[in-house]
Protein chains: 2
Amino acid sequence: MKTYQTMTRAALLREKEALEQQYKEAKALNLNLNMSRGKPSSEQLNLSAPMMNIFNGYSNLVDAAGVDCRNYGEMDGISECKELVSRLVDVPSENVIVYGNASLTVMYDAISRSYTHGVNGYTPWCRQEQVKFLCPAPGYDRHFKITEYFGIDMITIPMTEDGPDMDLVEKYVSEDPAVKGIWCVPKYSNPQGYVYSDDTVRRFAALEPAAPDFRIYWDNAYCVHHLYEDDQAEIPEILSECEKAGNPDLVLEFLSTSKITFAGAGVAALAASKNNLDYIRKQMTIQTISHDKLNQLKHARFLKDKKTIHAHMMKHADILRPKFEAVLDILDEELYGLGIGTWTTPKGGYFISFDAVEGCAKAIVEKAKEAGVILTEAGATYPYGIDPKDSNIRIAPSLPPMEEPVQAAKIFALCVKLVSVEKYLSE
Amino acid sequence: MKTYQTMTRAALLREKEALEQQYKEAKALNLNLNMSRGKPSSEQLNLSAPMMNIFNGYSNLVDAAGVDCRNYGEMDGISECKELVSRLVDVPSENVIVYGNASLTVMYDAISRSYTHGVNGYTPWCRQEQVKFLCPAPGYDRHFKITEYFGIDMITIPMTEDGPDMDLVEKYVSEDPAVKGIWCVPKYSNPQGYVYSDDTVRRFAALEPAAPDFRIYWDNAYCVHHLYEDDQAEIPEILSECEKAGNPDLVLEFLSTSKITFAGAGVAALAASKNNLDYIRKQMTIQTISHDKLNQLKHARFLKDKKTIHAHMMKHADILRPKFEAVLDILDEELYGLGIGTWTTPKGGYFISFDAVEGCAKAIVEKAKEAGVILTEAGATYPYGIDPKDSNIRIAPSLPPMEEPVQAAKIFALCVKLVSVEKYLSE
């Protein structure tokens, strides 16, 4: 098989004609398929149905420490739920604050607090001349939206299979005191599914920032979200690595159970040094009396220990894995060897990342949409929504029922081919 | 009976001796009673126990509009819960955003957003020379803490039985463009239990602010929290009053079900004009994907309609009323006619407000604490925690079981007498 790039113009024209016919047929199906967001499917949500009946009477609404979870109090979370978080990301439970339902809100809050009141007593960002963030990309669009909303200058850092380009990260962080943070999804990164190498994690822990209020914003969103029982990524635990490196306050780690139990109705948490947490708790006393402890208690009782968490996550994997594999199979079948795209093969998380020929991503997403397949907007995986190469597309196969990702992937591959052919013909 | 002020020195000394003996006996009881915070009692929390079993299977987790409440989406709340809020405060449901568990967080967020991004596009408060807030006092300490945290200058406005001194409010609001807001608890105010008169509400709606980004922060925390079936306060609905007065964007109304169902595990909401909500929704898209819709659905199904809400609140009243009446009876018995204190007799809400002889509040709270009775810190009901007259004390009888408020009130009255005697003797 020849790559598109090496095909003759005549061959490309023939290919184009055939593809256009297929596209016409696909459009005629009037499909409405969505692979745009990392939403769990109904089948996955059903796995947590028993959690809804975990309280059998009001006497059960007192936690192990004797706290009545129906009343105000325990601002930074009940101890049972701190222990749950401790099991999820291997940090001591005293390094945990449990929040409400969304880690995105906790991250927004961290940036907002730094903007209004500064990091641990340093000058608030709103009073600083310039604030910059490093943004490994492709990355999570909602991270970039937060920093953009606060007028923070975003610097794109290229991603590698081992994590962000650490030479570049070290250079920026150590040389520029305006650089105040970096967004990281260390495990099964969004959207590539890459796992930071041990070396990358240790280099993060050993950073020597020019700015004393620099922090690593470590979004461990997919900490236990493996697709394979026998091929599970593990990364060094960042808090202890930072401590070992003599930088205990360097990192804020975020997580939630949104993709463990119910999306948007889970519990979110922050793990950090005592020093960081003490400062944050001062703000919390102004902001809230307490979060929803009944939901915290429900989660602690349902997810229990490492063994039950693992068993639960493997049920998720059994639902997700076939969808990922089906999409990857189709990409292989339809696109392998054509030289018009590369893609990742994640072992966990919620996404597959696809890199099209430069300048084609927007057109592909548009074409797919016309044929009833909604993908994440092209560019979304880059700061300011601008992919400089117009190449990256995020594929989210989790939400639709099993047949749909297959159908959607076929149409996606068709659109990739069609747009690529047009691209080469126009050159 | 003579007032303390008109007693001879000899009589005061005899009184002091007797009171000191009583105080000694009280201390010997080693009590540990708490009337410091507006927390519901276990008995009240039990009223909402059936809510925990309201979901009998996962098929029930879809709302009336067909939304799966277990998944992401419906950022500004499910329609069923907006309708619930609509019933609580008589606003159209399209004027409602339903949030997470705490109205305090929604209020913090409103101030924080105004500080970082401004009100509806006006210059962010962090970029303005000076920002001032009017603070009717005595008032809610947590309101004042938020504005203090953001470095906002607080101006105390005296409270009357009809609400804040409106002549003063109108003067400040119309003359000073640095005045950006006022904290209000319009119904059963914290701590006095005062209800704004119709005239006060209409004067609020008709305010003509010098600052275009002035808003009324209307914390309708006790909207349905009556103590008496046959003596229920009603106030004009503020959103429609503002609209009638040609100021539709003037008010942000906050509420929660924390003192209807579970404290800290209820749902919070904001009611405002479409214009205001549209601006706020823009921030929300950065801040969250959605709030806990399962909790929203649970509340909508449990509290249902106006009739069921009213019946539920009357059960709360039946538990709260005897505690309020017991405390008030003791204040009457022990302090009436002595000229050493005045107090309010609320028809709803969570507090009784006590005004001691000037310069005595701190000493009374301290003395009560020594005898095992914890009251809200003196001064807390004023901006910056400083009561210029050192006179106001907030009494919160809701939390302890029935016998305790009686015992606590007796010790409180004893401390009032003892401190007042000492005060007069020292003059």
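Refer to the structure above for everything that follows.
Here the structure is a predicted model, which is why all the values come from computation and not from measurement.

Rules and cut-offs
- Residues numbered from 1 in each chain as written.
- Chains lettered and ligands numbered in written order.
- Predicted model: local features only at pLDDT ≥ 70, side-chain atom pairs only at ≥ 80, totals over all residues.
- Heavy atoms only, no water.
- Helix = DSSP H or I, 4+ residues; strand = E, 2+ residues; numbered from the N terminus.
- Rg over C-alpha atoms; globule rule 2.2 N^0.38 Å.
- Buried < 20%, exposed > 50% of the residue type's maximum accessible area, 1.4 Å probe, protein only.
- Pairing = 2+ DSSP bridges.
- Contact = heavy atoms within 4.5 Å.
- Axes fitted to C-alpha atoms, helices over the stretch in contact; angles between N-to-C directions.
- Salt bridge = Lys/Arg side-chain N within 4 Å of Asp/Glu carboxyl O.
- Phe/Tyr/Trp six-rings, centres within 6.5 Å; stacked < 30°, edge-to-face > 60°.
- Lys NZ or Arg CZ within 6 Å of the ring centre and 35° of its normal.
- Right-handed = clockwise from strand over helix to strand, strands pointing away.
- Buried area = accessible area lost by both parts, 1.4 Å probe.
- Polar contact = N/O pair within 3.5 Å; in protein donor to acceptor, adjacent residues only side chain to side chain.
- Parallel < 35°, antiparallel > 145°, perpendicular 65-115°, else oblique.
- Left-handed = near helix turned anticlockwise from the far one by under 90°.
- Nonpolar A, V, L, I, M, F, W, Y, C, P; charged D, E, K, R; others polar.
- Core = buried A, V, L, I, M, F, W, Y, C linked by side-chain atoms within 4.5 Å.
- Patch = residues over 30% accessible without salt bridge, like charges linked within 9 Å, V, L, I, M, F, W, Y side chains within 5 Å.
- Areas by Shrake-Rupley, 256 points an atom, 1.4 Å probe, with all protein chains shown as cover.
- Lys, Arg positive; Asp, Glu negative; His and termini not counted.
- Charge placed at Lys NZ, Arg CZ, Asp CG, Glu CD.
- Least-squares fit on C-alpha atoms with pLDDT ≥ 70 in both.

Asks: So what about the overall build of chain A? Which residues, and what values?
Replies: A count of helical and extended segments in chain A gives 13 helices and 13 strands. For a compact globule of 427 residues, the expected C-alpha radius of gyration is about 22 Å, and chain A comes in at 23 Å, within 12% of that figure. Over its C-alpha atoms, taken along the principal directions, chain A stretches across nearly 75 × 55 × 35 Å. Residues counted as buried form 63% of the 427 residues belonging to chain A.

Asks: Describe the sheet that holds strand β3 (residues 132–137) of chain B, and please don't skip the residues or the numbers.
Replies: Residue and element names in this part refer to chain B. Pairing is mixed in the open sheet, where 8 strands are placed in the order β2-β9-β8-β7-β6-β3-β4-β5. On the outer flanks of this sheet lie β2 (96–98) and β5 (163–164), each paired with one strand and no other. Both β3 and strand β6 (residues 179–184) contribute to a ladder of 3 bridges, which runs parallel. Paired with lysine 132 across the two strands is valine 179, which belongs to β6. With respect to the sheet, helix α5 (residues 141–149) is in contact with β3, β4 (153–160), β6 and β7 (215–219), its orientation differing from that of β6 by roughly 160°. Across the face of the sheet, helix α9 (residues 274–287) comes into contact with β2, β7, β8 (251–256) and β9 (268–271) while running at roughly 25° to β2.

Asks: Explain the pattern of salt bridges to me, and be specific about the residues and the numbers.
Replies: This model, assessed by the stated rule, comprises 44 salt bridges over all chains. Salt-bridge contacts for Arg281(B) lead to Asp76(B); the nearest nitrogen and oxygen are separated by 2.8 Å. Linking Arg281(B) in helix α9 with Asp76(B) in the loop between α2 (42–46) and α3 (79–89), this pair joins segments that are 205 residues apart in sequence. With relative accessibility at 14%, the residue Asp76(B) sits in the buried group. Through salt bridges with shared partners, a single network forms among Asp76(A), Lys82(A), Lys274(A), Asp278(A) and Arg281(A).

Asks: Describe the packing of aromatic side chains, and please don't skip the residues or the numbers.
Replies: One pass over the structure, following the stated rule, counts 30 aromatic pairs over all chains. Ring centres of Phe354(A) and Phe412(A) lie 5.0 Å apart, and the angle between their planes is 85°; this geometry places the pair in the edge-to-face category. On the criterion of sequence distance, the pair formed by Phe354(A) in strand β11 (residues 352–356) and Phe412(A) in helix α13 (residues 403–426) is long-range, its members being 58 residues apart. By relative accessible area, Phe354(A) is classed as buried at 0%. On the accessibility criterion, Phe412(A) (1% relative accessible area) is buried. With centroids separated by 5.2 Å and ring planes inclined at 55°, the aromatic side chains of Tyr115(B) and Phe150(B) adopt a geometry described as tilted. Of this pair, Tyr115(B) sits in helix α4 (residues 103–117) while Phe150(B) sits in the loop between α5 and β4, and the two are 35 residues apart along the sequence. For the pair Tyr115(B) and Phe150(B), one class covers both residues: buried. Three or more aromatic residues link up through ring pairs in this structure, and these residues are Trp125(A), Phe133(A), Trp183(A), Tyr217(A) and Phe254(A). The ring of Tyr350(B) carries Lys259(B) above its face, with NZ or CZ at 5.4 Å from the centroid.

Asks: Can you lay out the pairing of strand β3 (residues 132–137) of chain A for me, pointing to particular residues and giving the numbers?
Replies: Residues and elements named next belong to chain A. In terms of burial, β3 is a largely internal element, 6 of the 6 residues being buried. Bridge count for β3 against strand β4 (residues 153–160) is 6 bridges, and the pairing is parallel. Residue pairing for β4: alanine 137 is matched across the bridge by proline 158. Each parallel crossover has a hand, and for β3 linked through helix α5 (residues 141–149) to β4 it is right-handed.

Asks: Tell me about the sheet that holds strand β10 (residues 341–343) of chain A, and please be specific about residues and values.
Replies: All names here are of chain A. Across the sheet, which stays open at both edges, the 3 strands sit in the order β10-β11-β13 with antiparallel pairing between neighbours. Only two strands of the sheet have a single neighbouring strand rather than two, namely β10 and β13 (392–395). Between one strand axis and the next, the sheet turns through 25° on average, direction left out of account. The sheet contacts of helix α11 (residues 306–335) involve β10, β11 and β13, and relative to β11 the element is tilted by about 20°.

Asks: Please provide a residue-by-residue account of the interface of chain B and chain A, values included.
Replies: Counting residues at the interface gives 53 residues for chain B, matched by 53 residues for chain A. Across the interface of chain B and chain A, roughly 4,800 Å² is buried in total on both sides, 54% from carbon and sulfur atoms. In terms of surface lost to chain A, no three residues of chain B exceed Arg70(B), Tyr72(B) and Ile286(B), which account for 16% of the buried area on that side. Put simply, chain B and chain A have 0 salt bridges between them. Connecting chain B to chain A are 27 residue pairs in polar contact (both at pLDDT 80 or more). For the side of chain B that touches chain A, the elements supplying multiple residues, two or more each, are α2, α4, α5, α9 and α10 (293–303) of chain B. The greatest single-element share of the side of chain B that touches chain A, amounting to 8 residues, is contributed by α4(B).

Asks: Break down the packing of α11(A) against α13(A) for me, with residues and values.
Replies: Residues and elements named next belong to chain A. Closest axis-to-axis distance for the α11/α13 pair is 9 Å, and the angle between their directions is 30°. Comparing their axes, α13 and α11 come out roughly parallel. Considering only the axes of α11 and α13, their crossing is right-handed. Packed against α11, whose contacting residues are Lys323, Ala326, Val327, Ile330, Leu331, Glu334 and Leu335, the element α13 presents Pro405, Val406, Ala409, Lys410, Phe412, Ala413, Val416 and Lys417 at the interface. When grouped by side-chain class, the residues that make up the contact of α11 with α13 number 11 nonpolar, no polar and 4 charged.

Asks: Tell me what's going on with the nonpolar core, and back it up with residues and numbers.
Replies: The biggest cluster of nonpolar side chains holds 112 residues, and the ones touching the most others in it are Phe204(A), Ile216(A), Trp218(A), Phe204(B), Ile216(B) and Trp218(B). Residues within four places of Ile216(A) in sequence aside, it is in contact with Ile182(A), Cys184(A), Phe204(A), Leu207(A), Leu250(A), Val251(A) and Leu252(A). Residues Leu270(A), Val106(B), Ala137(B) and Leu277(B) belong to the second largest nonpolar core, which totals 71 residues.

Asks: I'd like a description of the environment of Leu297(A), backed by residues and values.
Replies: Residues and elements named next belong to chain A. Relative to the assigned elements, leucine 297 resides in helix α10 (residues 293–303). The buried category is assigned to leucine 297, whose relative accessible area is 0%. Expressed as a C-alpha distance, the spacing of leucine 297 and aspartate 63, which sit 234 residues apart in the sequence, is 6.8 Å. Residues in contact with leucine 297, not counting those within four places in the same chain, are Phe55, Asn60, Leu61, Val62, Asp63, Cys69, Ile78 and Glu80.

Asks: Now, about a negative patch on the surface: what can you tell me, with residues and values included?
Replies: A cluster of like negative charges, contributed by Glu161(A), Asp162(A), Asp198(A) and Asp199(A), occupies part of the molecular surface. With respect to the element layout, Asp162(A) can be found in the loop between β4 and β5 (163–164).

Asks: Describe unusual backbone geometry, with residues and values.
Replies: Residue and element names in this part refer to chain A. Residue proline 191 is reached from asparagine 190 by a cis peptide bond, and omega for that bond is 10°. Mapping proline 191 onto the fold places it in the loop between β6 (179–184) and α7 (198–205). For aspartate 90, which is not glycine, the phi torsion reads 60° and is therefore positive. Mapped onto the fold, aspartate 90 is located in the loop between α3 (79–89) and β2 (96–98).

Asks: Residues and numbers for the packing of helix α1 (residues 9–28) of chain B against helix α13 (residues 403–426) of chain B, please.
Replies: Residue and element names in this part refer to chain B. At a minimum axis distance of 9 Å, the contact between α1 and α13 shows a crossing angle of 145°. Read as a crossing pair, α1 and α13 show a hand that is left-handed. Here Arg9, Leu12, Leu13, Glu15, Lys16, Leu19, Glu20, Gln22, Tyr23 and Ala26 of α1 come into contact with α13, specifically with Ile411, Leu414, Cys415, Lys417, Leu418, Val421, Glu422, Tyr424 and Leu425. Looking at the contact of α1 with α13 residue by residue, the classes come out as 12 nonpolar, 1 polar and 6 charged.

Asks: Run through the relation of the copies chain B and chain A, naming residues and quoting values.
Replies: Copy one and copy two of the chain differ by a rotation about an axis and a translation along that axis. Mapping chain B onto chain A calls for a rotation angle of 180° and an axial translation of 0.0 Å; the resulting RMSD is 0.0 Å. The transformation relating the two chain copies, once decomposed into turn and shift, fits a two-fold axis. A shared interface surface links the copies, since 100% of the contact residues of chain B are contact residues in chain A too.

Honestly, it's all geometry; don't read function into it.
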